[in-house]
Amino acid sequence: MGWLDWWIMPPCPLCQRSTKNVFCQDCQNQLQADRISAWPITTTPWPLYAWGIHRGGLRRAIYQLKYEGQRRIGSVLGEWLGSRWREHNRQRQPYTVLPIPLHRERLRQRGYNQAALISQAFCEQTGLRHLPQGLVRVRATVAQHELDPLQRQENLAGAFALRRTPATPVLLVDDIYTTGSTIRAAQQVLATAGIPVAGVIVVAQTPKAVHPALPIPPPPN
């Protein structure tokens, strides 16, 4: 790589150091430190596949993806999820992948749906069918992190609708899993149409949502 390539390559979004990849090696090592080894991490109420824990570098990476316009992070995280899926799910099931949608106003403000960026890269890795417009968010909601579990459920009641009907069981994709309220609201819409949810794919789950039987890696020094 010549000096001009280094000049035009965007810096690492987490530390701003020059790098030939999206993340520099040090930041990638920090991200890998919060990777969860179990796959899936739980099967109740649905198989939940999470790449890592929502803390440290991974939390900052998702923040940069959602609020700082760093779309390329979504592609990397989706590729990591896809690689894990191929590693652990050898049987080629004909699933359809649906990202959790944003309301049109938030989509207009942000310019993209981070879950759709993740799911697109995931499907490119796995070969599964991608249906980014399968679900739509028909009602604007407030940010979930501001609410308690009951408020989360009320906030999402009637928020989703099915625009395109998948022909197979689906995998739902989102960036973060906390209480499952968002997934539950989407699953109810699919269940009404007779479409089963075969699993939930997320980049990270919050530490309080990690199954107590699973070992949580210590944070990096």
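Our structure's up above, just so we're on the same page.
Residues numbered from 1 in each chain as written. Predicted model: local features only at pLDDT ≥ 70, side-chain atom pairs only at ≥ 80, totals over all residues. Heavy atoms only, no water.

A. Representation of the overall build of the protein chain. A count of helical and extended segments in the protein chain gives 8 helices and 7 strands. The buried share of the protein chain, taken over its 221 residues, is 50%. Looking at the protein chain alone, contacts between residues at least 24 apart form 70% of all its contacts between residues at least 6 apart. Accessible area for the protein chain stands at about 11,300 Å²; split by element, carbon and sulfur atoms hold 50% of it. (Helix = DSSP H or I, 4+ residues; strand = E, 2+ residues; numbered from the N terminus. Buried < 20%, exposed > 50% of the residue type's maximum accessible area, 1.4 Å probe, protein only. Contact = heavy atoms within 4.5 Å. Areas by Shrake-Rupley, 256 points an atom, 1.4 Å probe, with all protein chains shown as cover.)

B. Up close: the pairing of strand β2 (residues 96-99). Along β2, one buried face is formed by Thr96 and Leu98 and the opposite face, lined by Val97 and Pro99, is buried too. The pairing of β2 with strand β3 (residues 129-130) spans 2 bridges and is classified as parallel. Considered in β3, the bridge of Thr96 is made with Arg129. The pairing of β2 with strand β6 (residues 170-177) spans 4 bridges and is classified as parallel. (Pairing = 2+ DSSP bridges.)

C. How the structure looks around the packing of helix α4 (residues 71-88) against helix α6 (residues 114-126). At their nearest, the axes of α4 and α6 sit 7 Å apart, and the two run at 40° to each other. Taken together, the axes of α4 and α6 are oblique relative to one another. Read as a crossing pair, α4 and α6 show a hand that is right-handed. Along the contact surface, α4 presents Arg71, Gly74, Ser75, Gly78, Glu79, Leu81, Gly82, Ser83, Trp85 and Arg86, while α6 presents Leu117, Ile118, Ala121, Phe122, Gln125 and Thr126. For the contact of α4 with α6, the residue count by class is 6 nonpolar, 7 polar and 3 charged. (Axes fitted to C-alpha atoms, helices over the stretch in contact; angles between N-to-C directions. Parallel < 35°, antiparallel > 145°, perpendicular 65-115°, else oblique. Left-handed = near helix turned anticlockwise from the far one by under 90°. Nonpolar A, V, L, I, M, F, W, Y, C, P; charged D, E, K, R; others polar.)

D. The state of the cysteines, seen in detail. Taken as a whole and assessed by the stated rule, the structure comprises 0 disulfides. Unpaired in terms of disulfides, Cys12 finds its nearest cysteine sulfur in Cys27, a separation of 3.7 Å. Cys12 gets classed as buried once you look at its relative accessible area, which sits at 0%. Free of any disulfide, Cys27 has its nearest neighbouring cysteine sulfur in Cys24, separated by 3.6 Å. A relative accessible area of 3% means that Cys27 is categorised as buried. (Disulfide = S-S within 2.5 Å.)

E. Here's a closer look at the side chain of Thr168. Summarising the element assignment, Thr168 is placed in the loop between β5 (160-162) and β6. In this structure the side chain of Thr168 is engaged in a polar contact, spanning 2.7 Å, whose partner is the side chain of Thr96. In this structure Thr168 touches Pro94, Tyr95, Thr96 and Ile195, once residues within four positions along its chain are discounted. (Polar contact = N/O pair within 3.5 Å; in protein donor to acceptor, adjacent residues only side chain to side chain.)

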